[in-house]
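Descriptive structure summary
Here are the chains, one letter per residue:
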Amino acid sequence: SKDLKHIRKLCDENEILLVLDEVQTGMGRTGHLFAYQRAGITPDIMAIAKGLGGGFPVGAFLATDEAARAMVAGTHGSTFGGNPLAMAAANAVLDIIEDPEFLSQVRDLGLRLRQSLAQLQDRFPTLIEEVRGEGLLIGLKLSIPPLEAVNAARDEKCLIVGASDNVIRLLPPLNISQEDLLEGVSRLTKAFQSLETT
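Residues numbered from 1 in each chain as written. Predicted model: local features only at pLDDT ≥ 70, side-chain atom pairs only at ≥ 80, totals over all residues. Heavy atoms only, no water.

1. Some points on the packing of aromatic side chains
One pass over the structure, following the stated rule, counts 2 aromatic pairs. Ring geometry for Phe34 and Tyr36: centres 5.9 Å apart, planes at 10°, overall stacked. Considered together, Phe34 and Tyr36 belong to a single accessibility category, that of buried residues. (Phe/Tyr/Trp six-rings, centres within 6.5 Å; stacked < 30°, edge-to-face > 60°. Buried < 20%, exposed > 50% of the residue type's maximum accessible area, 1.4 Å probe, protein only.)

2. Things to note about the sheet that holds strand S1 (residues 19–21)
With mixed pairing, 3 strands are arranged side by side in an open sheet as S1-S2-S3. Both outer strands of the open sheet, S1 and strand S3 (60–63), are each paired with one neighbouring strand and no more. Geometrically, the sheet is characterised by an average inter-axis angle of 15° between neighbouring strands, direction not taken into account. As paired elements, S1 and strand S2 (residues 45–48) share 3 bridges and run parallel to each other. Bridging across to S2, Leu20 finds its partner in Met46. (Pairing = 2+ DSSP bridges. Helix = DSSP H or I, 4+ residues; strand = E, 2+ residues; numbered from the N terminus. Axes fitted to C-alpha atoms, helices over the stretch in contact; angles between N-to-C directions.)

3. Describing the nonpolar core
Judged by nonpolar contacts, the single largest core of 48 residues is most densely connected at Leu117, Leu140, Ile160, Leu188 and Phe192. Looking at this core, the elements with two or more residues in it are S2, helix H3 (84–97), helix H4 (100–123), strand S4 (128–134), strand S5 (137–142), helix H5 (146–155), strand S7 (167–170) and helix H6 (178–197). Of all the elements, H4 adds the most residues to this core, at 7 residues. Residues contacting Leu117, with those up to four places away along its chain left out, are Val131, Ile138, Leu140, Leu170 and Leu188. (Core = buried A, V, L, I, M, F, W, Y, C linked by side-chain atoms within 4.5 Å. Contact = heavy atoms within 4.5 Å.)

Right under this line is the structure:
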């Protein structure tokens, strides 16, 4: 949060546009419409996609009025821009996400998930070093190669993905039920149990 404020200040002082990539973090994934909102700053330009279409391929390029002044007709275009079906999908997603109760539920589920994963870390401290993230964008820093955890979770019918040399990423759907979320943690627990015994 303070890092983004510092970067925003540096950009303002040097007349540099602040461009943020919210392709993965935007559209409620962190429990806020956009991740930058927690920092109390506003970017000049922002890219969004993925969650914007709720599974339908769509992306958007957003800019403040000031930054957009430089984008006159012909300077910014897209081969597939303005697709009516993509715009309808994005509109339907926005109708749901703009409901304050929806984002509140994402924050609540994210807190429950982090608490459950902290308990998992306490149970398997030799395997899980740290729980990271916010909302329903969570990472587990591991002391083992992520692929081992990915494979063990898959054996328990739980799909996760590696995010780096030592992190797995958990990205449940934003509309997941509490029951399904806890079932996922239960399956992840079984996966770590199997890893601990090998």
